[in-house]
Amino acid sequence: MPTENQFDSDSPWKEILEEYFPQFMFFFAPQVYQEIDWDKGYEFQDKEFQKLFPHSSVGKRYVDKLVKVFKKDGTEAFVIIHVEVQGDKVVDFPKRMFVYYYRLIDSFDTKVFSLAVLTDSNSNWRPNKFEQEIWGCKVSLEFPIIKLLDYGDKWAELEQSTNPFAIVVMAHLKTLETAKDEQKRLEWKLTLSKMLYEKGYSEKDVRNLFRFIDWLLMLPKGLNQTFKEEIAKHEEEKKMPYVTSVERLAKEEGMQQGEILDKQKVLRKLLSRKFEITEQEGELISNQEDPELLDKALDEFVFAESKEEVLKHLQ
């Protein structure tokens, strides 16, 4: 998985939202979609958001997007999209939504629509309201939430839909379902990837959604190689070499290997400076080629009080 500070810049959720924002609104908030004047366009307000919330990208496991749209009556409005990526129950989540809401109203003096997308596995966690009261002074905010788990019994509809976010939802559901079954994950990753070619998506759409599926449904090296071979075979049969050309794979794998070496180098340097490490511990880092585990170790380092707290993620 991406490191904490990558969520705002590299997360496929960020990419997919920017690439398919109208489709996102149509899929998850169709009534709101109908109220927006899409002919006037829309603007992502990342810089403005960072000015208001400069610490929002530190230590987080979510993606926030702020989008300026125009209503059909000609007035401006802001859409806050909050995606809790692979999230767990967060106690202060409603308060965070409230803070975003009132700060935006205070700064832009306009209407704000807040929408939270929850990708966690806890079916009972449904935070949709912030409320505080003391001595007769009361403030509250209710906001709609999208719980991806709720789409589990709508699988047939998802399969029929050509909206890109149907694929996004299916990928999330199968990521949760196959968390402890790598073989099953391989099967579903193949199924969802092949589905991209059956839905009539453009080459660009196939690549975008394939990247999202590949990011979520991670596989160990051996099964990942099997996956690549099967997809290459499928593309050859369909005569659609969209994602697995030899040149592209070689380039992507070379970049990935370079990123792994960089992570290993940074981790060794940080641990050496703060705790000192033995030659054996250095080899443990060098031999670990799973980018997700290296990321976990790097995340742990920030607050770790011993090197053992960091190295445990690599064993």
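Residues numbered from 1 in each chain as written. Predicted model: local features only at pLDDT ≥ 70, side-chain atom pairs only at ≥ 80, totals over all residues. Heavy atoms only, no water.

Focus: the packing of aromatic side chains
Note the following rule: Ring pairs shown here join Phe, Tyr and Trp side chains whose ring centres sit within 6.5 Å, with only the six-membered ring taken for Trp; geometry is labelled stacked below 30 degrees between planes, edge-to-face above 60, and tilted in between. Counting from the N terminus, the helices are the DSSP runs of H or I reaching at least four residues and the strands are the DSSP runs of E reaching at least two. Partly exposed residues are those whose accessible area sits between 20% and 50% of the maximum for their type, while under 20% is buried and over 50% is exposed, using a 1.4 Å probe and protein chains only.
In this structure the tally under the stated criterion is 24 aromatic pairs. When the ring of Trp 13 is compared with that of Phe 212, the centres are 5.8 Å apart and the planes differ by 80 degrees; the resulting orientation is edge-to-face. Of this pair, Trp 13 sits in helix 1 (residues 12-19) while Phe 212 sits in helix 9 (residues 203-216), and the two are 199 residues apart along the sequence. Assigned by exposure class, Trp 13 and Phe 212 land together as buried. Ring plane angle 15 degrees and centroid distance 5.9 Å describe the contact between Phe 210 and Phe 227, whose orientation is recorded as stacked. One end of the pair, Phe 210, is in helix 9; the other, Phe 227, is in helix 10 (residues 221-238), with 17 residues separating them in the sequence.

Some remarks on the pattern of salt bridges
Selection criterion: A pair is scored as a salt bridge if a Lys or Arg side-chain nitrogen falls within 4 Å of a carboxyl oxygen belonging to Asp or Glu.
Using the criterion set out here, one finds 21 salt bridges in the structure. Notably, a salt bridge pairs Lys 147 with Asp 120, separated by 2.8 Å at the nearest N-O pair. With Lys 147 in strand 7 (residues 145-147) and Asp 120 in the loop between strand 4 (111-118) and strand 5 (129-134), this residue pair connects regions lying 27 residues apart in the sequence. Judged by its relative accessible area of 2%, Lys 147 falls in the buried class. Given a relative accessible area of 2%, Asp 120 falls into the buried group. Across the pair Glu 142 and Lys 129 runs a salt bridge, and its minimum N-O distance is 3.9 Å. Taken together, the residues Glu 142 in strand 6 (residues 137-142) and Lys 129 in strand 5 connect sequence positions 13 residues apart.

Digging into the pairing of strand 6
Successive side chains on a regular strand alternate, one facing one side of the sheet and the next facing the other. Heads up, the condition is: Think of it this way: DSSP has to see at least two bridges between two strands before they count as a pair.
As judged from the six bridges shared by strand 5 and strand 6, these two strands associate in the antiparallel manner. Counterpart to Phe 130 in the pairing with strand 6 is Leu 141. Adjacent in sequence and paired antiparallel, strand 5 and strand 6 are bridged by two residues, among which Trp 135 carries a positive phi angle near 55 degrees.

With respect to the nonpolar core
Defined as follows: The term nonpolar core refers to a set of buried residues drawn from Ala, Val, Leu, Ile, Met, Phe, Trp, Tyr and Cys, joined through side-chain atoms within 4.5 Å.
Counting residues in each nonpolar core, the largest one holds 55 residues, and the members touching the most others are Trp 13, Phe 24, Phe 28, Leu 158, Phe 165 and Leu 196. A total of eight residues in this core trace back to one element, the largest contributor, which is helix 7 (residues 164-177). One finds Ile 285, Leu 294, Ala 297 and Leu 298 within the second-largest nonpolar core, a separate group that totals 12 residues.

Remarks on the side chain of Ser 193
Stated formally: Each polar contact in these results corresponds to two N or O atoms within 3.5 Å; when the atoms are within protein, one needs to be able to donate a hydrogen and the other to accept it, and residues that are neighboring in sequence are counted only if both atoms are side-chain atoms. The contact criterion used throughout is that any non-hydrogen atoms of two residues lie within 4.5 Å.
For Ser 193, the location among the structural elements is in helix 8 (residues 182-198). Here Ser 193 falls in the buried class, since its relative accessible area comes to 0%. Within polar-contact distance, the side chain of Ser 193 engages the backbone oxygen of Lys 189 at 2.7 Å. Filtering out sequence-adjacent residues up to four positions away, Ser 193 remains in contact with Phe 210, Ile 213, Phe 227 and Ile 231.

Regarding the confidence of the model for the protein chain
Rule in force here: For every residue, the predictor assigns a confidence score, pLDDT, that lies between 0 and 100.
On average, the protein chain scores 83 in pLDDT, and the residues at 70 or more come to 88%. Scored below 50 in pLDDT, residues 1-10 shows 34 contacts in the model against residues more than four places distant or in partner chains.

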